Amino acid sequence: MVSTIQGGRPAIAGDLLGSLLVLLCSSSCFFDTSAPGLDGSEAHAPEEGTGAPEDPGAPEGPSDGWGPADPPSEDPPEGGPSELRAAEGFVGFHGTDGYSLSWLDRSDGEDRYLLERRGLPGGAFELVAELPADAESYVDATAAPASGFVYRLVAASGDARGEPATCDSAMPLWTFIRIVDYDGLWGTDGPDLESLTLSHLTMGLEQHGSNPNLYIVLIGDGYGAEGSIYAHVRAGASDVVTLPEVNMSDPETYRDFFDWVVAEHPGQRYVVEFWGHGGGALSDGALGYDDTSGGGGLQPDEMGSLLDYLAVRSGRRIGLFYLCTCLNGMFENAYAWRRSVDYLVAGETTVGCAYQPFEALVANEQTSARELALATIDGFRSVPAELGFDVVYCAVDMSVVGDMPDALSALADALLELLRRSPGQADLLLRAAGRAQQMASSYADLHDLVSQIAASIDDVAVRAACEEVTTLLEAELVLSFVRTDEGGAYSRAHGLSIVHPTPTSSVYGPFYSGLSFACDTSWDEYVAALSR
């Protein structure tokens, strides 16, 4: 089915709040990272991807949805209602034995869980089952396959009831979003959209198609002014919406698309996959180039605001953000995207896309976001060597990205103090960076960089700070990484790079200092000191 949109986007409840969040996040130095959910820690949802980042203006505390929470009472009685927390990650899956529900038990004081349901579109909730305390799954074998229900899960203790968690069985478990920016991939030498078929954009998605557990949607922008498309990918015959030519470097393009996704194809969990050109943290755009609309692209913090927008509008965190782009496996980018994303899979190198997370998802639609991120990295390991892919990809746990800035600031501060005492140490640091694994000009592999600095600088504080960064990388931040050619040009890469000058490159400038990572750490001051 093909339809046409002339412009605008559907109205969805919460538009004002979504617009406010985008406005708040539009300037990279104005993030209130002390607010719950914006520092990647307090409000970090489980791997199932439910629960979006908190509104920056909302008070701390548990909240059902986006409204402000009531402040907790002082000294609550043991076993009282204040300990009956709502379950997290409450999701469901249409299985052969019925509707399979799962969640994470976050309540301390319950003696049972009450599982209720009501039919769609409305009606009263009825008790389905009383489940043991600490239960985290249930299969509703009485749910007919074609039936739609809203399930409500409540932790209970005696007569006390906690806040409910809800799950809508009419929503698929996953909405898989593909963004295809061919205007940025091919530049002015690319073909028109007219010469592309849907299969050029879906790249295998239509062979599986959407089903009750999985929506597959995409936006495709081909070269030229002939137009762009939204598509709901289905096996055999996809639903296609034709659009006027869109500008993939304009944030409004993504907001319009995400509005369409949430209105027409909402899911319980989200994957966002981006195909296009990438330039990393120092280019005129990390991603989203559009050579038919004036060039340029989206900066890391612009993309972060758009991911926040999707999370707010859907009420769900993004389980996995996968980048089929060059050079975007950088810590500066991960920091900009941490607020609304549970797991990031991205590459340090200038070529990529040897494996797609969709392949792992269709192999096991009940997988968690964490499992999907790890399976994607494992998929890269299975790429035959004869294909010639020399890439480095990593899976990042975004819940601990917020722990790294303190460690990097401590390292930067120790190095700045060293330079204050001994300015001549700058040459040693630049040479150490030159020996580190270089991914592009002034992009050094973070793990190898700190190893080279520790080996070159005889200073207790510097080496201790290097050790802390390495520990965080190895133990928490990078879940897994892969080099598809262990003996190739990137044999010392570990998955994430960072900006650092070398003897032949000086990188400091107002653009880098404006990134949210630079605003929140002293790394840019250190980079500036070496670049003078």
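The model shown is predicted, which means the values in this text are computed figures rather than measured ones.

Quick look at the nonpolar core now. Formed by 90 residues in total, the largest nonpolar core has its most connected members in Ile179, Phe321, Trp337 and Trp523. Ranked by residue count, the leading element in this core is helix H10 (residues 404-421), at nine residues. In this structure Phe321 touches Val272, Phe274, Leu287, Met303, Leu307, Trp337, Val341, Tyr343, Leu344 and Val345, once residues within four positions along its chain are discounted.

Evaluation of the coordinates by the stated rule reveals 18 aromatic pairs. Ring geometry for Tyr335 against Phe517: centres 6.0 Å apart, planes inclined by 70°, an arrangement best described as edge-to-face. Placement of the pair is Tyr335 in helix H7 (residues 331-337) and Phe517 in helix H15 (residues 516-520), with a sequence separation of 182 residues. When its relative accessible area of 5% is taken as the criterion, Tyr335 is described as buried. Here Trp523 and Tyr526 contribute two aromatic rings whose centre-to-centre distance is 5.2 Å and whose plane-to-plane angle is 65°, an arrangement assigned as edge-to-face. Residue Trp523 and its partner Tyr526 are located together in helix H16 (residues 523-531), separated by three residues, close to a single helical turn.

Time to look at the sheet that holds strand S21 (residues 497-499). Strand pairing in a sheet relies on backbone hydrogen bonds. The paired strands run either parallel or antiparallel. Pairing within the open sheet is antiparallel, and its three strands lie in the order S18-S19-S21. Each having just a single partner strand, strand S18 (438-440) and S21 make up the two edges of the open sheet. On average, adjacent strands in this sheet sit at an angle of 35° to one another, irrespective of strand direction. In terms of strand pairing, strand S19 (residues 443-445) meets S21 through three bridges, oriented antiparallel. Looking at the pairing, Ala444 lines up with Ile498 of S21.

If you walk through the whole model with that rule in mind, you get 19 salt bridges. Measuring nitrogen to oxygen at the nearest pair gives 2.5 Å for the salt bridge that ties Glu417 to Arg420. Placement of the pair is Glu417 and Arg420 together in helix H10, with a separation of three residues, close to one helical turn. Classification of Arg420 as exposed rests on a relative accessible area of 59%. One salt bridge connects Arg492 with Asp448, and the closest N-O pair in it is separated by 2.2 Å. Within this pair, whereas Arg492 is found in the loop between strand S20 (478-483) and S21, its partner Asp448 is found in helix H12 (residues 446-456), the two being separated by 44 residues in sequence. Several salt bridges share partner residues, and in doing so they unite Glu417, Arg420, Arg421 and Asp459 into one network.

Each packed pair of helices is defined by two parameters, the angle between the axes and the distance between the axes. Following both chains from N to C, one finds H12 and helix H13 (residues 460-477) inclined at 155°, their axes separated by 9 Å at the closest point. Compared by their axis directions, H12 and H13 come out roughly antiparallel. Regarding H12 and H13, the two cross each other, and that crossing is left-handed. Taking contact as the criterion, the partners of Leu446, His447, Val450, Ile453, Ala454 and Ala455 in H12 are, on H13, Val462, Arg463, Cys466, Val469, Thr470, Leu473 and Glu474. Of the residues contributing to the contact of H12 with H13, the split by class is nine nonpolar, two polar and two charged.

Time to look at the sheet that holds strand S6 (residues 137-140). Read across the open sheet, the three strands follow the order S2-S3-S6; overall the sheet is antiparallel. Every interior strand has two partners, whereas the edge strands, strand S2 (88-95) and S6, have only one. Direction aside, the axes of adjacent strands within the sheet are offset by 15° on average. Note that strand S3 (residues 98-104) and S6 share four bridges and pair antiparallel. What sits directly across from Ser102, in S6, is Ser137.

Cut-off values and rules
Residues numbered from 1 in each chain as written. Predicted model: local features only at pLDDT ≥ 70, side-chain atom pairs only at ≥ 80, totals over all residues. Heavy atoms only, no water. Core = buried A, V, L, I, M, F, W, Y, C linked by side-chain atoms within 4.5 Å. Buried < 20%, exposed > 50% of the residue type's maximum accessible area, 1.4 Å probe, protein only. Helix = DSSP H or I, 4+ residues; strand = E, 2+ residues; numbered from the N terminus. Contact = heavy atoms within 4.5 Å. Phe/Tyr/Trp six-rings, centres within 6.5 Å; stacked < 30°, edge-to-face > 60°. Pairing = 2+ DSSP bridges. Axes fitted to C-alpha atoms, helices over the stretch in contact; angles between N-to-C directions. Salt bridge = Lys/Arg side-chain N within 4 Å of Asp/Glu carboxyl O. Parallel < 35°, antiparallel > 145°, perpendicular 65-115°, else oblique. Left-handed = near helix turned anticlockwise from the far one by under 90°. Nonpolar A, V, L, I, M, F, W, Y, C, P; charged D, E, K, R; others polar.

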